[in-house]
Amino acid sequence: MTVAGSLLHGMKEVEVWLQTFAPGSRTSIHRHSCEVVFIVLKGSGTLILASSSHGPNPGKPQELPIFSNSTFHIPVNDVHQVNTCGTILNW
Ligand SMILES: *[C@@H]1O[C@H](CO)[C@@H](O)[C@H](O)[C@H]1NC(C)=O
């Protein structure tokens, strides 16, 4: 659900989404041309983040635990995946 978006609300630099992940699901491995802030309301999972993946030496992806009330941010263009499986899949 788009809470505040460019088309619906005329936002130019920021969009706010409310998103629910089913247990055992995962996003694609992807990146955004903007920063991303997650505020986890409920549940647990894993954020897999390849810091500075747009640079010449992306390094090994980090596995970061996601849990209720946790927050985290992803820098511009850093490749990432959110999953509720608890393990890295398809990297
Ligand atoms: C998350 O924060 C809310 C509000 O402070 C609190 O009611 C809830 O118990 C917290 N949940 C966990 C799992 O800590």
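By the naming in an unreviewed UniProt entry, the chain goes by Auxin-binding protein 1 and is assigned to Coptis chinensis. Within the UniProt record for the chain, the comment given under Subcellular location (unreviewed entry) is "Endoplasmic reticulum lumen".

**Points about the sheet that holds strand β5 (residues 62-66)**
A sheet is described by the order of its strands in space; here 3 strands give the open sequence β5-β4-β7, paired in antiparallel fashion. Because the sheet does not close on itself, it has two edges, and the strands there are β5 and β7 (79-83). In this sheet, adjacent strand axes meet at a mean angle of 20° when their direction is disregarded. Taken together, the 5 bridges between strand β4 (residues 45-50) and β7 define a ladder with antiparallel strand orientation. Along β7, the bridge assignment pairs T46 with N83.

**Details of the packing of aromatic side chains**
Going through the model one piece at a time under the given rule, you end up with 1 aromatic pair. Between F38 and F72 the ring centres are 4.8 Å apart and the planes differ by 20°, which places this aromatic pair in the stacked class. On the criterion of sequence distance, the pair formed by F38 in strand β3 (residues 36-39) and F72 in strand β6 (residues 71-74) is long-range, its members being 34 residues apart. One exposure class covers both F38 and F72, and it is buried.

Conventions used here
Residues numbered from 1 in each chain as written. Predicted model: local features only at pLDDT ≥ 70, side-chain atom pairs only at ≥ 80, totals over all residues. Heavy atoms only, no water. UniProt positions renumbered as here; feature names shortened; annotations may be inferred. Pairing = 2+ DSSP bridges. Helix = DSSP H or I, 4+ residues; strand = E, 2+ residues; numbered from the N terminus. Axes fitted to C-alpha atoms, helices over the stretch in contact; angles between N-to-C directions. Phe/Tyr/Trp six-rings, centres within 6.5 Å; stacked < 30°, edge-to-face > 60°. Buried < 20%, exposed > 50% of the residue type's maximum accessible area, 1.4 Å probe, protein only.

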